[in-house]
Amino acid sequence: MVWLNFVPAAAALGGTQPTIGEPAPAFTLPTNSGDGEISLRDYRGQWLVVYFYPKDFTSGCTLEARKFQQDLPKYIERNTQILGISADDVDSHAKFCDAEGLKFPLLADTDGAVSKAYGSWLSPYSLRHTYIIDPNGILREKFLGVRPPIHSQEVLDRLDELQVL
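Residues numbered from 1 in each chain as written. Predicted model: local features only at pLDDT ≥ 70, side-chain atom pairs only at ≥ 80, totals over all residues. Heavy atoms only, no water.

> What's the story with the pairing of strand S5 (residues 47-52) in this structure? I'm lost.
Residues in a regular strand project their side chains so that they alternate between the two faces of the sheet. Among the six residues that make up S5, six are buried, leaving the element largely enclosed by the rest of the structure. Burial along S5 is two-sided: the residues Trp47, Val49 and Tyr51 and Leu48, Val50 and Phe52 are all buried. Relative to strand S6 (residues 80-86), S5 runs parallel, the two sharing six bridges. Looking across to S6, one finds that Val50 is bridged to Leu83. (Buried < 20%, exposed > 50% of the residue type's maximum accessible area, 1.4 Å probe, protein only. Helix = DSSP H or I, 4+ residues; strand = E, 2+ residues; numbered from the N terminus. Pairing = 2+ DSSP bridges.)

Laid out in structure tokens, this is it:
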């Protein structure tokens, strides 16, 4: 019974995925940096990497954040901002950024609404998914099988390909 294993292309663990080539789901979330809130529209005119992760201070999430931080100058060279999103609150994000020396914003999606909009929610956590959004707010790539040790380099490689198009 092969049909029992059929999963629609847009579905993945965590919910329905947004469509590549369409506007990325809009969001505004509290953050530990800047003016206290960040919106997708704040990044019009530059590339954006939005990565969802399960929890501050866990081994995989810490490794992933460290790799993004290590590569931050390479993202800046590519006119690209990094945003991390999890269900942790702003205070947890502030402590995590301080402990790990993170210089990019982490956003608090405490009710999972934005994670759900991106098909990246398995209550009570965000799943480890990453999305590349172009300067016009269009979703250009998604990574659902993220491996923290090599993920930042994979994202940089894909950014290089997308920015040539």
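> What is the right way to look at the environment of Ile150 in this model?
Summarising the element assignment, Ile150 is placed in helix H5 (residues 148-164). Sequence separation between Ile150 and Lys67 is 83 residues, and the spatial gap between their C-alpha atoms is 8.1 Å.

> Could you clarify how one ought to interpret the pattern of salt bridges in this entry?
Oppositely charged side chains may form a pair once their charged atoms are brought near each other. Counted by the stated rule, this structure contains nine salt bridges. Across the salt bridge formed by Arg66 and Glu100, the nearest N and O atoms sit 2.6 Å from each other. Here Arg66, found in helix H1 (residues 59-70), pairs with Glu100, found in helix H3 (residues 90-100); they are 34 residues apart in sequence, far enough to count as distant. A relative accessible area of 45% means that Arg66 is categorised as partly exposed. For Glu100, a relative accessible area of 21% corresponds to the partly exposed category. The salt bridge partner of Arg147 is Glu154, with a shortest N-O separation of 3.3 Å. A single network of salt bridges, built from pairs that share partners, joins Glu141, Arg158 and Glu161. (Salt bridge = Lys/Arg side-chain N within 4 Å of Asp/Glu carboxyl O.)

> Where do I start with the nonpolar core in this structure?
Across soluble globular proteins, you tend to see nonpolar side chains buried next to one another. One finds Val49, Tyr51, Tyr75, Ile82, Phe104, Leu106 and Ile132 to be the most contacted residues of the largest nonpolar core, which totals 22 residues. Not counting chain neighbours up to four residues away, the residues in contact with Val49 comprise Phe68, Tyr75, Thr80, Gln81, Ile82, Leu83, Thr130, Tyr131, Ile132, Val155 and Leu159. In this structure, Phe27, Leu48, Tyr118 and Tyr131 belong to the second largest nonpolar core, which totals 17 residues. (Core = buried A, V, L, I, M, F, W, Y, C linked by side-chain atoms within 4.5 Å. Contact = heavy atoms within 4.5 Å.)

> How should the packing of aromatic side chains be read in this particular structure?
Aromatic rings considered in pairs are described by the distance between their centres and by the relative angle of their planes. Evaluation of the coordinates by the stated rule reveals 10 aromatic pairs. Ring pairs connect the aromatic residues Tyr51, Tyr53, Phe57, Phe68, Tyr75, Phe96 and Phe104, which therefore count as one cluster. (Phe/Tyr/Trp six-rings, centres within 6.5 Å; stacked < 30°, edge-to-face > 60°.)

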